[in-house]
Amino acid sequence: MFRARIHTIRASRPPKEERMPTDVIMPQMGESIFEGTITKWLKKVGDTVEKDEPLFEISTDKVDAEIPSPEAGVLTEIRIGEGATVEVNTVVAVIGEAGSAVTAQAPAVQASQAPVQKSSAPQVPVPEAAVQQAPVGRIRSSPLARRIAKEHGIDLSRIAGTGAGGRIGKEDVLRAATQPAVAQSPVQRAAATQLPQVPVPDLASLPADPVPLTRMRSIIADRMVESVRTSPHVYSVYKVDMTRIARLREQHRAAFEQRHGTKLTYMPFIAAAAVAALRRFPIVNAALESGAEGLAIRYHRNIHLGIAVALEWGLIVPVIRQAEQSSFAALARAIADLALRARTKKLSPDEVGGSTFTLTNAGAFGGEFGMPIINQPESAILAVGGLRKEPAVLTDADGNDSIAIRSMQYFCLGFDHRLIDGADAGKFMLEFKKTLENWDQEIG
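Residues numbered from 1 in each chain as written. Predicted model: local features only at pLDDT ≥ 70, side-chain atom pairs only at ≥ 80, totals over all residues. Heavy atoms only, no water.

**Let's talk about the overall build of the chain**
Moving on, step 1. On a plain count of helices and strands, the chain comes out with nine helices and 18 strands.
Moving on, step 2. Looking at the 444 residues of the chain, the share that counts as buried comes to 40%. (Helix = DSSP H or I, 4+ residues; strand = E, 2+ residues; numbered from the N terminus. Buried < 20%, exposed > 50% of the residue type's maximum accessible area, 1.4 Å probe, protein only.)

The structure is reproduced here in structure tokens:
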């Protein structure tokens, strides 16, 4: 009797309502973007996914990005394989309920794949608050967390995961990369400034046949050729005594990082000096446009500063909008934030277009200086050379010369000679040099 009553109650329950499958579409990452290339699937058919969990990576004309899952469930079908380029709003996959039937995964488009270069990003010290003893056995971490850790040289075994079962997620790695680092000895600091060691590849393992360019590499190639064809490039190289900046940075770096939550690098000093020079000489911030009566000068009323960021898979130029209105601390935070989000594919299309002047760090690997190609439709680009100590002749107020060890750095301005004359470039660079060598701005 008791069992029969239980059976009756169960039989009276309404059947579970089945959820319709959810289409995953190629998103439109900006008004002017009409297609995207799937560069990598982060899940495979049959995998369980959470809502907003990264599902696949795309590359567009403007930005590379991770696309989150629109719904929780099981990835039941992948319709578009890696390497394929499709129009926006195309269905690329299907999310169903747990237990749903799955279909075969679409094959990758091998022709569009290219070998991935090893990361050459410098080591980032992990803060003491974010480390733990290395766990026994396999480290549980997400693919994105492992990729971010690799790019920043972070040892995952020293990060405490906050996910289920101690799983390390992207937030854990980003927190480790941005929090203050453990205090280092002079020897450790010296080692940290050395260039990264790049492993020697096995030449026999390289592809025997030509490898087509990735979408980003192809876009970069087209734009570089277009820029050289469009603008007659001229270069002006100046050596700047950065000793005052180096001392100020060493003096304020700890307090600055504690106050603003970001490391004090040389780039905000350079950016601030460039902004000051651009305000004095707006022709360097201008651009040429085609009008009804021929070419015309477009004077920009704001300085939108592009910061070139090297990635494993190419180059991207995120933009600091209205940089002339930013304080020194705001510039420092913006540079660090944009660089980090560029490397983790978190930039929006609006953050990688519309720059009026670009900075590129040609000396990141120790080079004296580089001769960059202009980022169209801009008219000038400033390449930052390597910083090194060297002997220099100093002259005092009485005309007496002496030799001292100074921190010196080359800067190379590439400019469009149709718009900017050598005299304009020289005045700009002298103002830039004077600002750095006689720094009097508030660091904050």
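**What about the nonpolar core?**
Moving on, step 1. Counting residues in hydrophobic clusters, the biggest one holds 57 residues, and the most contacted among them are Phe 357, Leu 359, Phe 411, Phe 432 and Leu 436.
Moving on, step 2. With 10 residues, the single largest contributor to this core is helix α7 (residues 267-280).
Moving on, step 3. Ile 38, Val 45, Ile 78 and Ile 95 belong to the second largest nonpolar core, which has 22 residues in total. (Core = buried A, V, L, I, M, F, W, Y, C linked by side-chain atoms within 4.5 Å.)

**Here we look at the sheet that holds strand β2 (residues 35-41)**
Moving on, step 1. Reading across from one edge, β5-β4-β2-β7 is the order of the four strands in this open sheet, with antiparallel pairing throughout. Each of the sheet's edge strands pairs with one partner strand only, and the pair in question is β5 (64-68) and β7 (85-87). With direction set aside, neighbouring strand axes in the sheet form an average angle of 40°.
Moving on, step 2. Both strand β4 (residues 54-59) and β5 contribute to a ladder of five bridges, which runs antiparallel. Residue Ser 59 lies in a different strand from β5, and its bridge partner there is Asp 64. (Pairing = 2+ DSSP bridges. Axes fitted to C-alpha atoms, helices over the stretch in contact; angles between N-to-C directions.)

**Comments concerning the sheet that holds strand β6 (residues 73-78)**
One key point about sheets: their strands pair by backbone hydrogen bonds, in either a parallel or an antiparallel sense.
Moving on, step 1. Spatial strand order, β1-β8-β6-β3: four strands in an open sheet with antiparallel pairing. Two strands lie at the open edges of the sheet, namely β1 (22-25) and β3 (48-49), each paired on one side alone.

**Re the environment of Val 240**
Moving on, step 1. Examined against the element boundaries, Val 240 turns out to sit in strand β9 (residues 233-241).
Moving on, step 2. Not counting chain neighbours up to four residues away, the residues in contact with Val 240 comprise Ser 407, Met 408, Gln 409, Phe 411, Lys 433, Leu 436 and Glu 437. (Contact = heavy atoms within 4.5 Å.)

**Quick notes on the packing of aromatic side chains**
Moving on, step 1. What the rule picks out here adds up to eight aromatic pairs.
Moving on, step 2. An angle of 40° between the planes, with centres 4.8 Å apart, marks the rings of Trp 41 and Phe 56 as tilted. Linking Trp 41 in strand β2 with Phe 56 in strand β4, this pair joins segments that are 15 residues apart in sequence.
Moving on, step 3. On the basis of relative accessible area, Trp 41 is assigned to the buried category, the value being 8%.
Moving on, step 4. Between the aromatic rings of Phe 269 and Trp 439, the centroid separation amounts to 5.1 Å while the plane-to-plane angle is 70°, which identifies the pairing as edge-to-face. (Phe/Tyr/Trp six-rings, centres within 6.5 Å; stacked < 30°, edge-to-face > 60°.)

**What about α7?**
Moving on, step 1. Over its 14 residues, α7 extends 20 Å from the first C-alpha to the last, a length consistent with the 20 Å expected when each residue adds 1.5 Å.
Moving on, step 2. Three or more residues of α7 are buried, namely Met 267, Pro 268, Phe 269, Ile 270, Ala 271, Ala 272, Ala 273, Ala 274, Val 275, Ala 277 and Leu 278. (Expected span 1.5 Å × (residues − 1).)

**Notes on the confidence of the model for the chain**
Moving on, step 1. With 79% of its residues at a pLDDT of at least 70, the chain reaches an overall mean of 82.
Moving on, step 2. Note that residues 111-137 has pLDDT below 50 and, in this model, 61 contacts with residues that lie over four places away or in other chains. (pLDDT = per-residue confidence, 0-100.)

**Let's talk about the side chain of Glu 324**
Moving on, step 1. Along the polypeptide, Glu 324 turns up in the loop between β15 (319-320) and α8 (328-343).
Moving on, step 2. We note that Glu 324 is buried and unpaired, the nearest opposite charge coming from Arg 279 at a distance of 6.9 Å.
Moving on, step 3. If sequence neighbours within four positions are ignored, Glu 324 has contacts with Val 275, Arg 279, Arg 301, Asn 302 and Ile 303. (Lys, Arg positive; Asp, Glu negative; His and termini not counted. Salt bridge = Lys/Arg side-chain N within 4 Å of Asp/Glu carboxyl O.)

**What about the packing of α7 against α8?**
Moving on, step 1. At a minimum axis separation of 9 Å, α7 and α8 run at an interaxial angle of 120°. Judged by the inter-axis angle, α7 sits oblique to α8. The two elements α7 and α8 cross, and the hand of that crossing is right-handed. Taking contact as the criterion, the partners of Met 267, Pro 268, Phe 269, Ala 271 and Ala 272 in α7 are, on α8, Phe 328, Leu 331, Ala 332 and Ile 335.
Moving on, step 2. Residues of the contact of α7 with α8, tallied by class, amount to nine nonpolar, no polar and no charged. (Parallel < 35°, antiparallel > 145°, perpendicular 65-115°, else oblique. Left-handed = near helix turned anticlockwise from the far one by under 90°. Nonpolar A, V, L, I, M, F, W, Y, C, P; charged D, E, K, R; others polar.)

**Some remarks on the pattern of salt bridges**
Moving on, step 1. Tallied over the entire structure, the rule returns 17 salt bridges.
Moving on, step 2. Measuring nitrogen to oxygen at the nearest pair gives 2.9 Å for the salt bridge that ties Arg 406 to Asp 241. Here the residue Arg 406 occupies a position in strand β18 (residues 401-416), and Asp 241 occupies one in strand β9, the gap between them amounting to 165 residues.
Moving on, step 3. You can call Arg 406 buried: its relative accessible area is 18%.
Moving on, step 4. On the basis of relative accessible area, Asp 241 is assigned to the buried category, the value being 13%.

**With respect to the pairing of strand β11 (residues 294-298)**
Moving on, step 1. Alignment of strand β10 (residues 287-291) against β11, held across five bridges, turns out to be antiparallel. In the sheet register, Ser 290 faces β11, and the bridge partner there is Leu 295.
Moving on, step 2. Counted along the chain from β10 to the antiparallel partner β11, the turn is two residues long.

**Details of the packing of α7 against helix α9 (residues 422-437)**
Moving on, step 1. Packing of α7 against α9 brings their axes to within 8 Å, and their N-to-C directions diverge by 135°. On the basis of their axis angle, the class for α7 and α9 is oblique. Crossing of α7 over α9 shows right-handed handedness. Judged by residue contacts, Phe 269, Ile 270, Ala 273, Ala 274, Ala 276, Ala 277, Leu 278 and Arg 280 of α7 engage Phe 428, Glu 431, Phe 432, Thr 435 and Leu 436 from α9.
Moving on, step 2. Class assignment of the residues belonging to the contact of α7 with α9 gives a composition of 10 nonpolar, one polar and two charged.

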